[in-house]
Amino acid sequence: MSQASLQVEHLTLRRNGVAVLDDVSLHLPAGQTLALIGESGAGKSTLAYAAMGLVRPPEVQLQGRLMVGDVDVVTAPERVLRPLRGVRMGMIFQDASAALNPCFSVLSHLSEPLQRHRGLSKAACKARAIELLASVGIADPVSRLQAYPHELSGGMQQRVMIAMALACEPQLLIADEPTSALDVTIQAQIMALLLDRVRALGASAIFVLHDLALATQVADRVAVMYAGQIVEEGPAAEVLNHPRHPYTQGLRASAIEFDAERLQPIAGVVPPLSAMPGGCRFAPRCALASARCSAEKPELAAHDTVRVACWNL
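Cut-offs and rules
- Residues numbered from 1 in each chain as written.
- Predicted model: local features only at pLDDT ≥ 70, side-chain atom pairs only at ≥ 80, totals over all residues.
- Heavy atoms only, no water.
- Axes fitted to C-alpha atoms, helices over the stretch in contact; angles between N-to-C directions.
- Helix = DSSP H or I, 4+ residues; strand = E, 2+ residues; numbered from the N terminus.
- Parallel < 35°, antiparallel > 145°, perpendicular 65-115°, else oblique.
- Left-handed = near helix turned anticlockwise from the far one by under 90°.
- Contact = heavy atoms within 4.5 Å.
- Nonpolar A, V, L, I, M, F, W, Y, C, P; charged D, E, K, R; others polar.
- Salt bridge = Lys/Arg side-chain N within 4 Å of Asp/Glu carboxyl O.
- Disulfide = S-S within 2.5 Å.
- Buried < 20%, exposed > 50% of the residue type's maximum accessible area, 1.4 Å probe, protein only.

(A) Here's a closer look at the packing of helix 7 (residues 154-166) against helix 8 (residues 184-201). Where helix 7 meets helix 8, the closest approach of the two axes is 11 Å, and the angle between their N-to-C directions is 10 degrees. In terms of axis orientation, helix 7 runs roughly parallel to helix 8. Crossing of helix 7 over helix 8 shows right-handed handedness. Residues Gly-155, Gln-158, Arg-159, Ile-162 and Leu-166 of helix 7 lie in contact with helix 8, whose contacting residues are Ile-186, Gln-189, Ile-190, Leu-193, Leu-194, Arg-197 and Leu-201. The residue makeup of the contact of helix 7 with helix 8, split by class, is seven nonpolar, three polar and two charged.

And the structure:
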């Protein structure tokens, strides 16, 4: 499985003339998992939506390349992307209660991609739906087929969404904060389930996360995003246990751990997109910033197995 599931090359996404994603480059080998981490507003979800082709001109302006397999999502027309969603790439949205249609039953939700992409009959769809619900840990799946989203708990809604995303066995799964709307007691169950299903399919996955501890558990690689740029990227254990960029170090110091004696939050806030500083975008919040940091943008350069965008290495 040498082919990349996702190859992003110098991707810039502008909305109303403002760069929401700025010169992003990323490589996800087939069969591996990637965590996108960073504060709210870093551009993680925007990158995930762009990979699915869900943010398109004329709403936004796109430059660069975003390859999912052999298809460039930046230039491919909607008629090419539509049959790929659900088959080559699937997405789990952040809030299942908002993403599921309250007017349709669980069976209807699961049957739609199976009929559209696989051409299954109603009987075959029902049999496959029962199999999918059982695979995501829903007890008595037969009786749940006729249920509507509001009749399910938050955890069960999320499991239904996972079943929908995996129905046609996509080779790239994108999960946007898949446990943020769930009770903490079932978050670990859902993530373990997701990882198990992805590995069973031999697929790749991108997890959009805030939780650094969770990233170490589910990701082979980690990309740290700040203000629309990737500032550090590499193997998860290396990036999270031995962070090199001051921003990644700040995220690590801000994480709640059982043995932590003190939390050290990052000073300041993410600048608004309309007022991004020149040079390194993190410089106004960085204790190590020099005049060069404010004047010149650092390139994402290789340092051993990790790529880092910082002048102070």
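Text resumes after the structure shown.
(B) How the structure looks around the pattern of salt bridges. Scanning the entire structure with this criterion turns up 16 salt bridges. The closest approach of N and O atoms between Lys-297 and Asp-23, which form a salt bridge, is 3.7 Å. Of this pair, Lys-297 sits in the loop between helix 12 (291-295) and strand 11 (301-303) while Asp-23 sits in strand 2 (residues 18-29), and the two are 274 residues apart along the sequence. Salt bridges sharing partners connect three or more residues here, namely Asp-22, Asp-23, Arg-281 and Lys-297.

(C) Seen up close, the state of the cysteines. One pass over the structure, following the stated rule, counts zero disulfides. Take Cys-125: it sits in no disulfide, and the sulfur closest to it among the cysteines is that of Cys-168, at 9.2 Å. Relative accessible area serves as the criterion here: at 1%, Cys-125 is assigned to the buried category. Here Cys-280 stays free of any disulfide, with the sulfur of Cys-293 as its closest cysteine sulfur at 6.1 Å.

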